[in-house]
Amino acid sequence: MSEAFILIPGRTSRQGCGISEGKFKEAYQAETSVLQIAPQDMQRLGLVAGDRVRVTSEGGMIEVAVQPAKSDELPSGVLFIAYGDLSSRLMSGDTHGSGMPTSKCLDVRLEPLEKSSIDPDEKA
Amino acid sequence: MNASQAKEASADLKVVSDATCTFCGCVCDDIELTVDGNRIVKAKRACGLGTAWFLNHEIEDIPSCLIEGKAAPVEQGIRRAAEILTASRYPLIYGLSDTTIEAQRVAVAIGDWIGGNVDTTTSVCHGPSGMALQGVGEVTCSLGEVRHRADFVMFWGSNPAESHPRHFTRYSLMPKGVFVPRGRKDRTCVVVDVRKTKSAKAADVFLQIKPRGDFEALWTLRALAAGIPLDAEQVRQTTGQPLSVWEDLMQRMKAARFGVIFFGMGVTMTRGKHANSEALMALARDMNRYTRFTCKPNRGHGNVTGADNVVTWRTGFPFAVNLGRGYPRFNPGEYTASDVLARREADAALILASDPMANFSQPAREHLRSIPYIALDPKQTPTTQHAAVAFHVAVYGINVAGTAYRMDDVPIPLRPAFPSPHPSDLEILTGIEREVRQIQQAFA
Ligand code: SF4
């Protein structure tokens, strides 16, 4: 069962530093391949950190691990991912005559995939 | 020389004062670099992003030029690049924002000679704002004015705590200015965003709006500035905040002596795009009926503002310029790189100081991958990886001197720390321009 969300790709400090360190390096790759989701949404969907989900937009589809957003950074129904290859895969090629593909507040559907094999209690 | 400088000098370290960081649009030019041979070991006063920028640009142990993935002499790469560009029927020149204005100038010249399509990374950051300002104008100011005068500072859809970490301390919130002598205490800071970002923590007032509610929220403020009565329920539903909150904000804005709105990608990348930017710029303009009010896009890349300036000097337009008919035509949505690639129009490209293979939509990336293109970048990136000709260049501001424009259009000189064995963007582009002319003259 998939559920509708709004996805905001954006800059993070670690993603910014990763650009200088090198895009093929671990830090950049790690930062840009995790999806943040409001803790209450994670709970509702029965997700724990590290679980993988499928995110589908008008422009594409990705599979990505989730992580709870820090404190109250994200309202329920909104997802965040650092700019990178995965976020670009969800952008559509159409810019609606503006030159700018809709790159923030994308309509997506989120569907949980298989459960993480790691025991959530071990992750603290 | 102070004690630490003396110690560093004795250890054979070089100190470069007033070096310029070109990682983000703040273009901080007060950095003190400690250089150990071909490595920067300390970047005093730089933020986390700036430190990562300075400390990770050592001399890359990769060939300066690769043709089809194989190491080749630079001159051969320049010749091959010129051949690709002159054989093309619809060449795209894209990027430009992370190099000196001197190099940008030559990139536009090449576009002119080959009748190409010139676009910069502006089109995927504040391009919509560039469109909006042509419609409503821009009430602007320098960051120095903000530092010394602004007592009301609003950030809208912008998260400088993570994108421009010294924005608050160097320009907008903390400094003690001539007309705001107590610094932060003399300023009101408002953050408007969909997410409660790290920047929200710095605000006196944080307004969390509904996703995609920017346009409605900005027009609510415009209506309040004009004294137009509003339906409270409709305002709450469309913006996510009650009308009373917007009324309170409008009171604060009117009461300011000098207000400024810094805005970011939250405004330009969200549905509405240029209509959002236009509403924000018009709001800043409206507020001048009451007090001095300005707005500024928080520009991302170190010299993206230089790219806007250079492309404008040379063609009359800031980005999305097509020179195919021998004169410039401007049309975002048509001549913007995302579109030219996603519609599979360009048949060759020169990508300068940017990484569309990482940042563009999938259809645009797939098309770029299918055409011959030239890429110039200091590091290996997804874009250089697939280039027909890849040049690994010296880094502007670290190895190469020149000029960058701060986000408020102030030109700042670059003071390099150490030389690089790799050529500069300017050298490669000057070579390509020369070869393009030779090929064209041979067939004239
Ligand atoms: S704020 Fe921007 S320009 Fe200033 S040091 Fe940090 S990254 Fe560099």
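What you see is a predicted model; the values in this text were computed from it and never measured. (Residues numbered from 1 in each chain as written. Chains lettered and ligands numbered in written order. Predicted model: local features only at pLDDT ≥ 70, side-chain atom pairs only at ≥ 80, totals over all residues. Heavy atoms only, no water.)

K.L.:
How do you make sense of the interface of chain A and chain B when you look at a structure like this?
P.N.:
How big an interface is tends to be reported as the loss of accessible area on association of its parts. Between chain A and chain B, the residue contacts involve 40 residues of the former and 49 residues of the latter. Of the roughly 3,600 Å² buried where chain A meets chain B, counting both sides, 56% is carbon and sulfur surface. It is Ser20(A), Glu73(A) and Met100(A) that lose the most area in chain A upon contact with chain B, and together they represent 18% of the buried surface on that side. Our count for the chain A to chain B interface comes out at five salt bridges. Glu73(A) is the salt-bridge partner of Arg195(B), the closest N and O atoms lying 3.3 Å from each other. Elements with a minimum of two residues in the side of chain A that touches chain B: strand E1 (3–10), helix H1 (13–21), strand E5 (78–82), helix H4 (85–89) and strand E6 (106–112) of chain A. Here the side of chain A that touches chain B gets six residues from one element, more than from any other, and that element is H1(A). In terms of residue class, the side of chain A that touches chain B is made up of 15 nonpolar, 16 polar and nine charged. (Contact = heavy atoms within 4.5 Å. Buried area = accessible area lost by both parts, 1.4 Å probe. Salt bridge = Lys/Arg side-chain N within 4 Å of Asp/Glu carboxyl O. Helix = DSSP H or I, 4+ residues; strand = E, 2+ residues; numbered from the N terminus. Nonpolar A, V, L, I, M, F, W, Y, C, P; charged D, E, K, R; others polar.)

K.L.:
Is there a simple way to think about the site of the ligand in this case?
P.N.:
Close to the ligand lie Cys21(B), Phe23(B), Cys24(B), Cys26(B), Val27(B), Cys28(B), Ala46(B), Cys47(B), Leu49(B), Gly50(B) and Arg166(B). For the shell around the ligand, the residue count by class is nine nonpolar, one polar and one charged. (Near = heavy atom within 4 Å.)

K.L.:
Teacher, can you tell me more about unusual backbone geometry here?
P.N.:
One can expect most non-glycine residues to show negative phi and most peptide bonds to be in trans. With a phi close to 55°, His96(A) is a non-glycine residue in the positive phi region. With respect to the secondary-structure elements, His96(A) resides in the loop between H4 and E6. Judged by relative accessible area, His96(A) falls into the exposed class, the value being 52%. You will see that Asp18(B), though not glycine, has its phi angle at about 50°, which is positive. Looking at the secondary structure, you find Asp18(B) in strand E1 (residues 14–19). Here Asp18(B) falls in the partly exposed class, since its relative accessible area comes to 42%. (Buried < 20%, exposed > 50% of the residue type's maximum accessible area, 1.4 Å probe, protein only.)

K.L.:
I tried to follow the nonpolar core on my own but got confused; where do I start?
P.N.:
Nonpolar side chains in soluble globular proteins tend to end up buried together. Among the nonpolar cores identified, the biggest contains 45 residues, and Ile31(B), Leu33(B), Ile40(B), Trp53(B), Phe54(B) and Phe155(B) are the most heavily contacted of them. When residues of this core are assigned to their parent elements, the largest contribution, four residues, is made by helix H2 (residues 48–55) of chain B. Excluding anything up to four places from it in sequence, Ile31(B) contacts Val16(B), Ser17(B), Asp18(B), Ala19(B), Cys21(B), Ala43(B), Lys44(B), Arg45(B), Ala46(B), Phe54(B) and Arg166(B). Formed by 43 residues, the second largest nonpolar core is a distinct cluster that contains Ala69(A), Val192(B), Ala282(B) and Phe293(B). (Core = buried A, V, L, I, M, F, W, Y, C linked by side-chain atoms within 4.5 Å.)

K.L.:
How should I be thinking about the packing of aromatic side chains in this particular structure?
P.N.:
Each pair of aromatic rings is reported with the distance of its centres and the angle of its planes. Residue and element names in this part refer to chain B. Tallying each qualifying case throughout the model produces 11 aromatic pairs over all chains. Between Trp53 and Tyr396, the ring centres sit 6.2 Å apart and the planes meet at 80°, which makes this aromatic pair edge-to-face. Remark: Tyr396 occurs in the loop between strand E17 (389–392) and strand E18 (402–405) and Trp53 occurs in helix H2; sequence separation between them is 343 residues. Neither residue differs from the other here; Trp53 and Tyr396 are each classed as buried. On the basis of an interplanar angle of 40° and a centroid distance of 6.1 Å, the ring pair of Phe215 and Trp219 is categorised as tilted. Taken together, the positions of Phe215 and Trp219, both in helix H9 (residues 214–225) and four residues apart, correspond to about one turn of that helix. On the basis of relative accessible area, Trp219 is assigned to the partly exposed category, the value being 40%. Members of the aromatic cluster, each reached through a chain of ring pairs, are Phe23, Trp53 and Tyr396. Positioned over the ring face of Tyr290 is Lys254, at 4.7 Å from the centre of the ring. It is Arg437 that lies over the ring of Trp113; its NZ or CZ is 3.6 Å from the centre. (Phe/Tyr/Trp six-rings, centres within 6.5 Å; stacked < 30°, edge-to-face > 60°. Lys NZ or Arg CZ within 6 Å of the ring centre and 35° of its normal.)

K.L.:
Which parts of the structure should I look at to understand the sheet that holds E5(A)?
P.N.:
Residue and element names in this part refer to chain A. Spatial ordering of the closed barrel is given by E1-E5-E2-E4-E3-E6, a layout of six strands whose pairing is mixed. Averaged over all pairs of adjacent strands, the angle between their axes in this sheet comes to 45°, without regard to strand direction. Of the strand pairs in this sheet, strand E3 (residues 52–57) and strand E4 (residues 61–68) are connected by five bridges, and their pairing is antiparallel. By the bridge assignment, Val53 is partnered in E4 with Val64. (Pairing = 2+ DSSP bridges. Axes fitted to C-alpha atoms, helices over the stretch in contact; angles between N-to-C directions.)

K.L.:
Please clarify how helix H5 (residues 127–136) of chain B should be interpreted in this entry.
P.N.:
For an α-helix the count is 3.6 residues per turn, leaving residues at separations of three or four pointing the same way. All names here are of chain B. Where burial is concerned, most of H5 is hidden: seven out of the 10 residues are buried. Every buried residue belonging to H5 is among Gly127, Pro128, Ser129, Gly130, Met131, Ala132 and Val136, and all of these are buried. Buried positions along H5 lie against strand E11 (258–263), helix H12 (265–268) and helix H13 (274–287). Two residues or fewer after H5 comes Gly137, characterised by a positive phi angle close to 80°.

K.L.:
Would you mind going over the domain arrangement of chain B with me for this structure?
P.N.:
Residues and elements named next belong to chain B. The assigned domain composition of chain B is domain 1 (65–125 + 302–397 + 420–442) and domain 2 (127–297). Domain 1 and domain 2 are separated by 35 Å when their C-alpha centres are compared. Counting the surface lost from both domain 1 and domain 2, the interface buries some 520 Å², and carbon and sulfur atoms represent 62% of this. Inspection of the region where domain 1 meets domain 2 yields zero salt bridges. Tallied by class, the residues present in the side of domain 1 that touches domain 2 amount to six nonpolar, two polar and no charged. (Domains from an automatic or database assignment.)

K.L.:
Can you walk me through the confidence of the model for chain A in this structure?
P.N.:
Do not read the predicted coordinates in detail wherever pLDDT is low. Across chain A, pLDDT averages 89, with 92% of residues at or above 70. In this model, residues 116–124 of chain A is a region of pLDDT below 50 whose contacts with residues beyond four sequence positions or in other chains number eight contacts. (pLDDT = per-residue confidence, 0-100.)

K.L.:
When you look at the pattern of salt bridges in this model, what are you seeing that I'm missing?
P.N.:
Opposite charge on two side chains allows them to pair when their charged atoms are near. Tallied over the entire structure, the rule returns 31 salt bridges over all chains. Here Glu63(A) makes a salt bridge to Arg54(A), at a shortest N to O gap of 2.9 Å. For Arg79(B), the salt bridge is made with Glu435(B), and the minimal N-O distance between the two is 2.6 Å. One end of the pair, Arg79(B), is in helix H3 (residues 74–87); the other, Glu435(B), is in helix H19 (residues 425–442), with 356 residues separating them in the sequence. On the basis of relative accessible area, Glu435(B) is assigned to the buried category, the value being 8%. It is possible to trace a salt-bridge network through shared partners that takes in Glu75(B), Arg79(B), Arg80(B), Glu83(B), Arg434(B) and Glu435(B).

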